[in-house]
Amino acid sequence: MTDTEAILATARKTKLSERESIAEPASYMEDDFTQTLNRIYKSEGRTVITGIGKSALIAAKIVATLNSTGTPSLFLHAAEAIHGDLGMVQPGDVVICISNSGNSPEIKALAPLIKRFGNTLVGMTGNKNSFLAKESDLVLHSYVEREACPLNLAPMNSTTAQLVIGDALAACLMELRGFTPDDFAKYHPGGALGKKLLLRVQDLLDVTRKPMVKPTDSVKVAIHEISDKRLGVTAVIENGTVVGVITDGDVRRMLNDRDNIAGVTAADIMTKNPKSVSAAAMVIDAFNTMENHAITQLVVIDNGEYKGILHLHDILKEGVV
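Residues numbered from 1 in each chain as written. Predicted model: local features only at pLDDT ≥ 70, side-chain atom pairs only at ≥ 80, totals over all residues. Heavy atoms only, no water.

Engineer: Give a detailed account of the overall build of the protein chain, specifying residues and quantitative values.
Structural biologist: Assigned secondary structure in the protein chain consists of 15 helices and 12 strands. Taken over the C-alpha trace, the protein chain has a radius of gyration of 30 Å; the compact-globule value for 321 residues is 20 Å, which it surpasses by more than 25%. In terms of overall dimensions, the protein chain has a C-alpha envelope of 90 × 55 × 35 Å along the principal axes. Residues classed as buried in the protein chain amount to 43% of the 321 residues present. Nonlocal contacts in the protein chain, meaning residues at least 24 apart in sequence, comprise 62% of its contacts between residues at least 6 apart. When the accessible surface of the protein chain is totalled, it reaches about 16,800 Å², and 52% of it is carbon and sulfur. Separation between the mean location of the 33 positive side-chain charges and that of the 38 negative ones in the protein chain comes to 1 Å. (Helix = DSSP H or I, 4+ residues; strand = E, 2+ residues; numbered from the N terminus. Rg over C-alpha atoms; globule rule 2.2 N^0.38 Å. Buried < 20%, exposed > 50% of the residue type's maximum accessible area, 1.4 Å probe, protein only. Contact = heavy atoms within 4.5 Å. Areas by Shrake-Rupley, 256 points an atom, 1.4 Å probe, with all protein chains shown as cover. Lys, Arg positive; Asp, Glu negative; His and termini not counted. Charge placed at Lys NZ, Arg CZ, Asp CG, Glu CD.)

Now the structure itself:
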């Protein structure tokens, strides 16, 4: 197919078909969904999710979502399970077996074994009359009318429906557990996401660069301090308290306004009541403050004590945003 309009028409048709398939599982959310949810929530074991083919890939994704949201889970490939990996299943585990047809040979071999171990078996299938559905203690119905595949053969709508049910379980479990952003951070310590959730201002603060001058210091001293510390700003300290800041912008404006700077002090050109942040604050919150006020530096204060300057470049260099 080379015609652009025809290609886009097929793409749109696929998207719309899969969108409609998402609505179907929602109408099947019945008592078995609630019971499955409660058994997982109350279980002292793990949630083991298994499948074959494309359903196995969906199972792996659901496991990843559950693990990252506070529900210990394991992926078990159905074919490997009947060749030794069934030892992964322990007493108390809830096992979810995903199969659209519910009648594949691997599933027929695996389901009775899980039941023999005494584990709760939950079948996620599009066929409520299948072998899997009949063997399962609970059934999550994932029926779709047809696949988005032009031949109605390749799993598309059916795997989308399975994924939606898995996400619904994860979301409900998060609410049952009272899962918080702090909990989420524990499971996502790496990358930009982890840094947004975990990194605090004190973690970025360079205490070796702590620019400061007194209100009575000359402008020349302030300029030297700004240049020496290379943060584009210096704090103005009086009796141990930050009373203002002088930025390189303040210096430029002063030079534009005055022909003679002799006798000009830091107090004469400083900005009073500068924006500040605590050392324990989250870096992402500090960034939002900078963005909201169109500034690139924040004074860092801890229990009234001046700790240094947090610069926007520090945040960007760390890859928080």
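Engineer: Describe the pairing of strand S7 (residues 233-238), listing the residues and the values that go with them.
Structural biologist: In summary, the side chains of a regular strand alternate between the two faces of the sheet. Of all 6 residues making up S7, 5 are buried, and the element is well covered by its neighbours. Where strand S6 (residues 212-213) and S7 come together, 2 bridges link them in parallel fashion. When the sheet's bridge partners are listed, Val 213 is paired in S7 with Val 236. Viewed along the sheet, the connection from S6 through helix H11 (residues 219-229) into S7 turns out right-handed. (Pairing = 2+ DSSP bridges. Right-handed = clockwise from strand over helix to strand, strands pointing away.)

Engineer: I'd like a description of the pairing of strand S2 (residues 73-77), backed by residues and values.
Structural biologist: In this sheet, S2 lies alongside strand S1 (residues 47-51) in parallel orientation, the contact comprising 5 bridges. Within S2, the residue paired with Ile 49 across the bridge is Phe 75. Taken together, S1, helix H3 (residues 54-68) and S2 constitute a β-α-β crossover, and its handedness is right-handed.

Engineer: Before we move on, could you go through helix H14 (residues 283-293) and cite the residues and values that matter?
Structural biologist: Looking at H14, one finds that the buried residues are Val 283, Ile 284, Ala 286, Phe 287 and Met 290. Looking straight down H14, one finds that the buried residues subtend no more than 155° of arc, so they occupy a single side. Positive backbone phi, approximately 55°, marks Ala 294, located one or two places after H14. (Arc of directions from axis to C-beta.)

Engineer: Residues and numbers for the environment of Ala 185, please.
Structural biologist: Position of Ala 185 relative to the elements: it lies in helix H8 (residues 181-187). Judged by relative accessible area, which is 1%, Ala 185 ranks as buried. As a C-alpha pair, Ala 185 and Val 300 span 115 residues in sequence and 24 Å in three-dimensional space. Residues within four places of Ala 185 in sequence aside, it is in contact with Leu 197 and Leu 198.

Engineer: Just give me the short version of the sheet that holds S7, but keep the residues and values in it.
Structural biologist: Sheet architecture is open: 4 strands sit in the order S6-S7-S8-S9, paired in mixed fashion. Whereas interior strands pair on both sides, the edge strands pair on one side only; in this sheet they are S6 and strand S9 (271-272). Pairing of S7 with strand S8 (residues 241-247), which is carried by 6 bridges, proceeds in the antiparallel orientation. Each bridged residue has a counterpart across the sheet, and for Ile 237 the counterpart in S8 is Val 242.

On their own, these measurements won't tell you what the molecule is for.
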